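Structural overview
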Amino acid sequence: MRTLRVIGIGAGNPEHVTVQAIRALNTVDVVFVLDKGSEKASLVALRHEICQRYITERPYRFVEARDPERDRNPADYGATVEAWHAARAVLYEAMIAGELGPGQCGAFLVWGDPALYDSTLRIIERIVARGRVPFTYDVIPGISSVQALAASHRIALNRIGAPVHITTGRQIADGLPPGADTTVVMLDGHPRFDHLDPDLTIYWGAYLGTPDEIVLSGRLGTIADTIGRTRAEARARHGWIMDTYLLRVPGEG
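Source: prediction; values computed, not measured. (Residues numbered from 1 in each chain as written. Predicted model: local features only at pLDDT ≥ 70, side-chain atom pairs only at ≥ 80, totals over all residues. Heavy atoms only, no water.)

**Considerations on unusual backbone geometry**
One non-glycine residue with positive phi stands out, namely Tyr117, at about 50 degrees. Counting through the fold element by element, Tyr117 comes out in the loop between strand 4 (105-110) and helix 4 (120-130). We classify Tyr117 as partly exposed; its relative accessible area is 37%. We note that Leu187 has phi near 55 degrees; this positive angle belongs to a residue other than glycine. In this fold, Leu187 is placed in the loop between strand 7 (182-186) and strand 8 (201-206). Judged by relative accessible area, which is 54%, Leu187 ranks as exposed. (Helix = DSSP H or I, 4+ residues; strand = E, 2+ residues; numbered from the N terminus. Buried < 20%, exposed > 50% of the residue type's maximum accessible area, 1.4 Å probe, protein only.)

**Considering a nonpolar patch on the surface**
A cluster of nonpolar side chains, namely Tyr117, Val164, Ile166 and Leu187, defines an oily patch on the protein surface of about 330 Å² accessible area. Here Ile166 is to be found in strand 6 (residues 164-168). Residue classification places Ile166 among the partly exposed residues on the basis of a relative accessible area of 34%. (Patch = residues over 30% accessible without salt bridge, like charges linked within 9 Å, V, L, I, M, F, W, Y side chains within 5 Å. Areas by Shrake-Rupley, 256 points an atom, 1.4 Å probe, with all protein chains shown as cover. Salt bridge = Lys/Arg side-chain N within 4 Å of Asp/Glu carboxyl O.)

**A look at the sheet that holds strand 5 (residues 135-140)**
An order of 3-2-4-1-5 is seen for the five strands of this open sheet, with the pairing classed as parallel. Every other strand in the sheet has two partners, leaving strand 3 (61-66) and strand 5 as the edge strands with one partner each. Mean inter-strand twist for the sheet, computed between neighbouring axes without regard to direction, equals 25 degrees. In terms of strand pairing, strand 1 (residues 2-8) meets strand 5 through six bridges, oriented parallel. (Pairing = 2+ DSSP bridges. Axes fitted to C-alpha atoms, helices over the stretch in contact; angles between N-to-C directions.)

**Considering the domain arrangement of the protein**
Splitting the protein by domain gives domain 1 (2-140) and domain 2 (145-248). In this structure, domain 1 and domain 2 have C-alpha centres spaced 27 Å apart. Residue-level contacts link 15 residues of domain 1 with 17 residues of domain 2. For the pair domain 1 and domain 2, the summed buried surface comes to about 1200 Å²; carbon and sulfur atoms form 64% of the total. At the boundary of domain 1 and domain 2, one finds zero salt bridges. Run the count over domain 1 and domain 2 and you get one residue pair in polar contact (both at pLDDT 80 or more). Here the side of domain 1 that touches domain 2 is built from residues that sort into seven nonpolar, five polar and three charged. (Domains from an automatic or database assignment. Contact = heavy atoms within 4.5 Å. Buried area = accessible area lost by both parts, 1.4 Å probe. Polar contact = N/O pair within 3.5 Å; in protein donor to acceptor, adjacent residues only side chain to side chain. Nonpolar A, V, L, I, M, F, W, Y, C, P; charged D, E, K, R; others polar.)

**Section: the pattern of salt bridges**
For the structure on display, the rule yields 13 salt bridges. Across the pair Arg66 and Glu69 runs a salt bridge whose closest N-O atoms are separated by 3.6 Å. Note that Arg219 and Asp199 form a salt bridge whose closest N and O atoms lie 2.9 Å from each other. Placement of Arg219 in strand 9 (residues 214-219) and of Asp199 in the loop between strand 7 and strand 8 is noted, with a sequence separation of 20 residues between them. Taking relative accessible area as the criterion, Arg219 reaches 39% and is therefore assigned partly exposed. By sharing partners, the salt bridges in this structure join Asp35, Arg66 and Glu69 into a single network.

**Looking at helix 4**
The set of residues buried in helix 4 consists of Thr120, Ile123, Ile124 and Ile127. Projected down its long axis, helix 4 carries its buried residues within an arc of 100 degrees, all on one side. Exposed residues lying more than 90 degrees from the buried face of helix 4 are Arg122 and Ala129. Just beyond helix 4, the residue with positive phi is Gly131, at close to 70 degrees. (Arc of directions from axis to C-beta.)

**Overview of the pairing of strand 10 (residues 243-248)**
Successive residues of a regular strand alternate their side chains across the two faces of the sheet. Of all the six residues making up strand 10, six are buried; the element is thus mostly covered by neighbouring parts of the structure. Neither face of strand 10 is left uncovered, since the one carrying Asp243, Tyr245 and Leu247 and the one carrying Thr244, Leu246 and Arg248 both have all their residues buried. Sheet topology places strand 7 next to strand 10; four bridges connect them, and they run antiparallel. Note that in strand 10 the partner of Thr183 across the bridge is Leu247. Judged from the six bridges that link them, strand 8 and strand 10 form a sheet pairing that is antiparallel. Across the sheet, the residue bridging to Thr201 is Arg248, located in strand 10.

The following block contains the structure:
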């Protein structure tokens, strides 16, 4: 039986990799990687660095494939993501069938944590449901950008006894959820803040955990333009950006 391991590798710092993840890496024969183009080559390079640093007990090899393209600004977001997941499932299935022999162990190294806004587990479940390539799999959690953001800003995610709402940029296009105290926003490709309460406090971070990390915080109405300029400059400089931010209503606790 083939085995797959879905391993969370943290938000960008190789030292985010846990002891559990290191032990899992040292059982791996094949590391599967998606190539997302030259602009994001550093994401692949970090995976190579992690494996070179931590896999010390066995030989292994990388298998790379080009990530299927998708429309980043679709008219029908749900249908576009569904089609993209289907294309990824076909690709993953072919990689597993063609590159992972019986009795071998393969791994997908997931940025952040596999359980939080990542498609890998859903895609693997699609392959399992198809039943064409038998394998077992397990999941190793990782440090997410949410945790890295809070650590870099030296804040607690929640106020005392209060909830935290984790969502995406699309979901706050019309404002924050009613009664929201603390809202963490991920996957916001085009952040805008002009429709939000300017008295919110924002904690923003990009390239969290990496040498290129940038963090800014303050009253939203005061710092929003600075975040916008900083973000645009960083994206132009690197060719890509991954950022996360936390919004909190005024108050104590």
